[in-house]
Amino acid sequence: MTVADVLLLGLGAVAVGAGLCVVTTAHLVRAGLYLVVCLGALAGMFLVLTAELVAWVQVLIYVGAVVVLLLFAVMLTRAPIGASGDLDRPGWPGLLVGAGAGLGLAALFVDAYRWTSVSLPDGPDGPGSAGVLGGELFRSWVLPFEVLSVLLLAALVGAIIVSRPDVGASDRGAER
Amino acid sequence: MLSQAPTLADFGHDTWWVIIIKVLAAFVFGVVMTLLGVWFERRMIGWMQVRPGPNRAGPFGLLQTLADGLKMAFKEDLRPRGSDRLVFLIAPCISAVCALTALAVIPFGPIVSIFGERTPLQVTDVPVAVLVLLAVSALSVYGVVLGGWASGSPYPLLGGLRASAQMISYEVTMGLAVVTVFMLAGSMSTSEIVAAQASNPELSIGGATLAVPGWYVLLLLPTFVIFAISAVGETNRLPFDLPEAESELVAGFMTEYSSLKFALFMLSEYIHMVVASAVITTLFLAGWRAPWPVSVWDGANQGWWPLLWFMGKVVLVMFVFVWLRATLPRLRYDQFMRLGWKVLIPLALGWVLVLGGTRVAQVSDLSRSEQLWLGGAVAAVLLLAVLFWPARRQPSRPSPAEQVAARPPGSFPLPPLDLQVPPSPQARRAVAAKRTAASGRSEAEPAVKRPLEGRAGTDPEGGEQDG
């Protein structure tokens, strides 16, 4: 086992443990902080795999913006300090779905790669460098990327429509 | 040759004691600049407000910040009963650590010799160093947000809320702004961005070629303006210091903090200012490279001299920060958000498009006339878009006369709108008395005149006592 292997295993353990804490803790804000730890460990794994750009973009976008937005939403609504007792839901469906998805993905990856080894040359020509990644993204993967962003946009608009019943009301009700 | 501009290959070969010296030097730079920065800010604002400012402790009051720090260390450390103990403690630490970490990728100078070891004057550099800067400044939000939440009281919570929204908004603007720097420099590493600003690109105007200075503050002026505004927003400084607006939120997220935790928040705020100045210097003012009249001398960019140019530029940018604080009033929250999302982000996006289009036109082998046609087409589309853009029309308010005319039949009767009310006899007498007083002291009606004069408040001494 090389140093990279040990680091990957350790960071993976941290990520999984923090992820478990996210769904088991009763403290709302602390769940967000565990999510930060989980995403930070993921960024560390990218760093070990010499994908510096992905690692720092992960920190910038997910840790620096997405989780801050989650915390913003929690603080905007009630910001409880201490455990919230009313968070308990039956955990079995979630456990089933989560474990099923995780195991399925793991089986898929294990079956796909087996013992294939990929050499990771460091430096400006490595597979994780900004230039190579940008070229891949804008040449071969530009369509899936754009489709994903349209999906995200649709989800955002849908969320606004669902959460604001007054948006379509002015068209329907002539009395307003 | 001993000194030269470092490249990415020059990093990562230092011996352990050189690394320790450099890390320590960066830390000391941050802390000392904070000490001096607080003093500088207070003296400068004092000067701008025509008052002395702190001038008691030490020469020119230089030791005032040190005295304040000592005072804070001996204050009682309070913790509100409803607070979250652990998060309340680590929030200021997160703030300070994130602020200090950013100093690691700031280039202070070229390759120098420290006790015989040749090393760049920069703790470390990575191919994505500017992203590291952005990420670290994004992480420092946690200190503010968590500090506001963990205090367990309304004002800090509001401050934390504002901080999170503000920093996310201005993070986007900042990221979009630096994209143009990447496009021009062709790199995301800070040392290479500084090196890219050393070349003088040739500009041809009407046949004559002209070597313009390669500083990005000139080449990328719109980026510089956008970046500077969002840097002020990102560092929570006036006019954008909404998370700690003293007049509305007491002190925002640090209301409940005292003693050394408060000192840590203050420290991180000023280190943020220093880091923002250093980043602006690095990205737009050519970092440690000598400014024009000095750069004629060959030795200006070698050895330890660049440290001087770097410090000079950082102090200059910090002065602008202080100047802004002394000049501008605080923005209202909705104005601030509108500025960020509706003005700065579209501007930054459009500028990225324009610059990208220009680069593509330069690289591709289009003929001169084709380039002109392309540019003309883009300009025509823009013009049409501006001309036919659906303008929002203000809903016209009916005048009082129209409102009266539109009243339903059977309403209460109203007096005519052009009714002239004759002045009351008392007011007429007062006006007459004033007129006689203005035309010169007459002996008539002394009993009426005196109280009127007193009420007019023309006495300069009385006015000053009120203030």
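Residues numbered from 1 in each chain as written. Chains lettered and ligands numbered in written order. Predicted model: local features only at pLDDT ≥ 70, side-chain atom pairs only at ≥ 80, totals over all residues. Heavy atoms only, no water.

### Comments concerning the environment of Ser95(B)
Residue and element names in this part refer to chain B. With respect to the helices and strands, Ser95 occurs in helix α3 (residues 85–101). Taking the C-alpha atoms as reference, Ser95 lies 27 Å from Val18; in sequence the two are 77 residues apart. Beyond its immediate sequence surroundings of up to four residues, Ser95 is in contact with Ser140, Gly143, Val144, Phe265 and Ser268. (Helix = DSSP H or I, 4+ residues; strand = E, 2+ residues; numbered from the N terminus. Contact = heavy atoms within 4.5 Å.)

### Focus on the confidence of the model for chain B
All names here are of chain B. Per-residue confidence for chain B gives a mean pLDDT of 81; residues scoring 70 or more make up 90%. Below a pLDDT of 50 lies the segment residues 444–467, which in the model reaches seven contacts outside its immediate sequence neighbourhood of four places, other chains included. Two summary scores accompany this predicted model of the complex, namely pTM at 0.77 and ipTM at 0.79. (pLDDT = per-residue confidence, 0-100.)

### Structural notes on empty space enclosed by the protein
Residue and element names in this part refer to chain B. Counted under the stated rule, the structure contains three cavities of 30 Å³ or more. Its volume calculated, the largest cavity comes out at about 210 Å³. Around the largest cavity, the lining is made up of 20 residues, and of these Leu133, Ser137, Met174, Val275 and Val279 lie nearest the centre. At the level of elements, α3, α4 (129–139), α6 (154–185), α9 (221–234) and α11 (259–284) are the ones that each hand at least two residues to the lining of the largest cavity. Here the lining of the largest cavity is composed, by residue class, of 15 nonpolar, four polar and one charged. Size it by volume and the second largest cavity reaches roughly 120 Å³. Lining the second largest cavity are 14 residues, with Val144, Asn236, Phe253, Glu269 and His272 positioned closest to its centre. (1 Å grid on protein atoms, 1.4 Å probe; cavity = no way out; pocket = protein on both sides within 12 Å on 5 of 7 lines; lining within 4 Å. Points joined across faces, edges and corners; volume = space filled by probe spheres on them. Nonpolar A, V, L, I, M, F, W, Y, C, P; charged D, E, K, R; others polar.)

### As for the domain arrangement of chain A
Residue and element names in this part refer to chain A. Segmenting chain A into domains produces domain 1 (1–80) and domain 2 (121–165). A C-alpha centroid distance of 20 Å is found between domain 1 and domain 2. Residue-level contacts link five residues of domain 1 with four residues of domain 2. Of all residues in domain 1, Thr50, Leu53 and Val54 bury the most surface against domain 2, accounting for 87% of the area lost on that side. For the interface between domain 1 and domain 2, the tally reads zero salt bridges. (Domains from an automatic or database assignment. Buried area = accessible area lost by both parts, 1.4 Å probe. Salt bridge = Lys/Arg side-chain N within 4 Å of Asp/Glu carboxyl O.)

### Observations regarding the pattern of salt bridges
Side-chain pairing between opposite charges can occur once the charged atoms of the two side chains come close. Residue and element names in this part refer to chain B. Summed over the entire model, instances satisfying the criterion amount to five salt bridges over all chains. The partner of Asp68 in a salt bridge is Arg42, and the shortest N-O contact between them spans 3.1 Å. Here Asp68, found in helix α2 (residues 64–73), pairs with Arg42, found in helix α1 (residues 16–48); they are 26 residues apart in sequence, far enough to count as distant. Here Lys261 makes a salt bridge to Asp77, at a shortest N to O gap of 3.5 Å. Here Lys261 is found in helix α11, whereas its partner Asp77 is found in the loop between α2 and α3, with 184 residues between them in sequence. Since its relative accessible area comes to 11%, Lys261 is described here as buried. Here the salt bridges share partners, and the residues they tie into one network are Arg332, Asp334 and Arg338. (Buried < 20%, exposed > 50% of the residue type's maximum accessible area, 1.4 Å probe, protein only.)

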